[in-house]
Amino acid sequence: MADPRNGGKRNLIIVSNRLPLSVKQTDDGTYQSSISSGGLVTSLSGLTKSTTFKWFGWPGLQVDDPQDREKVSKSLAAHNAVAVFLDQKLANQHYNCFSNQILWPILHYQTVTLNESAWESYKKVNELFAESVADAASDGDLIWVHDYHLMLLPGLLRKRLEEQGKFCAIGFSLHTPFPAKDFWRALPVRKELIEGILASDQVGFHTDEYKQNFMDSCHSLLEATIEPPDKIRWKGRWIIADSFIVGIDPQKFEDTLQKPEVISRIKELEEVYKDKKVIIGVDRLDYIKGLTLKLKAYDAFLDEHKELKNKVVLIQVAVPSREDVKEYQDLETEISTMVGKIDGKHATPDGSPLVYMHRSVPFTELTALYAVADACLLTSMRDGMNLVCFEYVACQAKKHGVLVLSEFAGASSFMNGGCITFHPANTKELSDAIYRAITMRPDERESNYNQLRRFIDKNTSARWGETFIERLTKCTA
Ligand code: ADP
Ligand code: G6P
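Residues numbered from 1 in each chain as written. Chains lettered and ligands numbered in written order. Predicted model: local features only at pLDDT ≥ 70, side-chain atom pairs only at ≥ 80, totals over all residues. Heavy atoms only, no water.

As recorded in an unreviewed UniProt entry, the chain goes by alpha,alpha-trehalose-phosphate synthase (UDP-forming) and comes from Monascus purpureus. The UniProt entry for the chain carries the following text under Catalytic activity (unreviewed entry): "D-glucose 6-phosphate + UDP-alpha-D-glucose = alpha,alpha-trehalose 6-phosphate + UDP + H(+)". (UniProt positions renumbered as here; feature names shortened; annotations may be inferred.)

Set out below in structure tokens:
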């Protein structure tokens with residue numbers, strides 16, 4: 001990463017709404033940080049091993065007192081993270097109301113209505129990010145912006161940097177699907193958002209389908225020229241648009257599986273579930289993950305396979321997410337009701353076929369759960385990639401467990417028959433998929449596993465990041 005404009009050094013700046021640590025204020029007024037969950041943080045954290053960067057983002061809460069800001073900044077600095085502080089009301093409008101009640105649903109094919117004041121706040125927050133990042137950037141730096149919270153940032157940044165006489169390469173990566181053009185155009189501010197992204201030099205998606213959908217929108221809404229397979233011409237500039245396969249850091253799971261406390265936890269869990277087939281599900285509690293469909297199909301599966309009574313258990317970890325958003329609160333209520341009904345209907349004095357954990361679990365526990373499970377069940381209705389399925393594979397070197405993955409998760413387009421796929425809203429298909437998974441012959445499990453394992457070992461998060469940065473560096477050299 002050499003650049004003569006900055007003494008031969010081209011620094012990398014990452015910008016995302018979510019930082020690797022989320023800060024909360026405890027009842028006694030002190031600040032506590034915890035590791036953030038979600039695919040964006042997982043993929044970027046996997047890059048830290050091989051690449052050095054500063055990571056700008058929102059700390060997760062309002063901090064006004066300058067001394068408190070210093071404390072928060074200091075704790076984040078230990079992780080190379082830099083806080084973009086926001087007023088709580090503005091952050092709420094940007095994060096909850098626009099990003100998560102308008103953009104997130106439309107990107108996942110749900111219809112929405114525009115909230116004008118939330119749009120104003122979204123613009124304002126993108127401006128504040130632009131100000132912070134542009135001030136911190138040096139001439140020649142590489143700036144890599146992430147996800148739907150910051151779609152306007154490339155455009156605002158380019159303008160500010162030019163005003164300051166700095167020439168930086170700007171990349172943008174979307175961690176969600178990009179919908180088909182007829183869906184995207186339903187959003188009244190559809191043009192402004194893609195114009196913001198097009199101020200980047202390179203735009204990355206998880207799959208070719210999302211890339212193609214984005215290009216279609218650029219062509220039909222902005223009359224941009226598309227030069228297949230990967231170029232867009234817009235306002236006299238060329239922009240690269242491509243898919244970059246995002247992954248995990250499999251070594252992190254290998255290392256965790258060697259820890260004595262994880263080895264003994266696995267033994268404990270194996271004892272608890274010794275006569276049962278264990279199915280694991282790990283999802284943020286989000287409607288895109290299809291949890292209601294999963295529970296409905298699991299209920300149908302239990303009804304149909306009475307011979308498996310007390311012989312199968314689904315352990316569902318539902319990580320709390322976006323709890324200030326009404327749709328997420330409603331979902332929580334709906335899921336709790338369904339869990340209660342399934343439990344009431346199928347539990348016996350010997351146990352329940354469903355263990356529902358509505359909380360965040362420590363990484364060591366998560367790894368142990370992945371390792372003991374005979375199958376992993378992921379039923380997303382739409383999902384940018386889904387990294388949980390790769391994490392499950394990373395922990396299954398011994399058991400060769402079966403991956404049961406919705407055809408609507410981005411990851412399924414790379415699995416080439418190595419897992420069982422299904423339509424999540426087809427209850428019978430899903431129930432049959434569960435049965436097939438827990439009765440699969442060992443030789444079939446092994447050959448599927450080997451195929452998936454090769455994929456996750458090759459397509460790591462480090463490789464994803466390095467490939468993106470290398471191409472961004474080249475296209476702006
Ligand atoms: P999404 O990005 O929509 O949440 P992914 O499946 O791509 O979906 O990524 C979820 C990530 O969150 C995974 O890497 C998973 O390990 C991680 N995760 C799940 N539970 C926790 C937790 N308690 N703490 C931190 N990360 C978690
Ligand atoms: C998805 C999004 C990320 C987000 C993550 C967790 O992966 O693409 O941008 O960080 O979900 O959601 P949260 O709202 O907690 O940041």
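(A) Just the sheet that holds strand β7 (residues 169–173), in detail. Sheet architecture is open: nine strands sit in the order β5-β4-β1-β6-β7-β8-β11-β10-β9, paired in mixed fashion. Looking at strand neighbours, the two that pair on one side only are β5 (81–83) and β9 (225–227), the edges of this open sheet. Ignoring strand direction, the axes of neighbouring strands in this sheet form an average angle of 25 degrees. The pairing of β9 with strand β10 (residues 231–234) spans three bridges and is classified as antiparallel. Within the sheet, the bridge partner assigned to Ile-226 lies in β10 and is Ile-232. With respect to the sheet, helix α4 (residues 116–136) is in contact with β1 (12–18), β4 (54–58) and β6 (142–146), its orientation differing from that of β4 by roughly 160 degrees. (Pairing = 2+ DSSP bridges. Helix = DSSP H or I, 4+ residues; strand = E, 2+ residues; numbered from the N terminus. Axes fitted to C-alpha atoms, helices over the stretch in contact; angles between N-to-C directions. Contact = heavy atoms within 4.5 Å.)

(B) Seen up close, the packing of aromatic side chains. Throughout the structure, instances matching the rule amount to 19 aromatic pairs. Taking the centre distance of 5.3 Å and the plane angle of 40 degrees together, the rings of Phe-98 and Trp-119 count as tilted. Within this pair, whereas Phe-98 is found in helix α3 (residues 88–107), its partner Trp-119 is found in helix α4, the two being separated by 21 residues in sequence. When sorted by exposure, Phe-98 lands in the same class as Trp-119, which is buried. (Phe/Tyr/Trp six-rings, centres within 6.5 Å; stacked < 30°, edge-to-face > 60°. Buried < 20%, exposed > 50% of the residue type's maximum accessible area, 1.4 Å probe, protein only.)

(C) The site of ligand 1, seen in detail. Near ligand 1, the surroundings consist of 15 residues, among which Gly-39, Thr-42, Arg-284, Ser-360 and Glu-391 are the closest. Thr-42 has a polar side-chain atom sitting 2.7 Å from an oxygen atom of ligand 1. Val-361 places a polar main-chain atom, nitrogen or oxygen, 3.1 Å from a nitrogen atom of ligand 1. Contact with the protein chains covers 86% of the free accessible surface of ligand 1, which is 570 Å². Elements that contribute at least two residues to the shell around ligand 1 include exactly α1 (39–47) and α14 (388–394). Taken together, the residues of the shell around ligand 1 sort by class into five nonpolar, seven polar and three charged. Residue-level mapping places the shell around ligand 1 at the junction of two domains, with at least three residues from each of domain 1 (12–246 + 462–475) and domain 2 (250–458). (Near = heavy atom within 4 Å. Polar contact = N/O pair within 3.5 Å; in protein donor to acceptor, adjacent residues only side chain to side chain. Areas by Shrake-Rupley, 256 points an atom, 1.4 Å probe, with all protein chains shown as cover. Nonpolar A, V, L, I, M, F, W, Y, C, P; charged D, E, K, R; others polar. Domains from an automatic or database assignment.)

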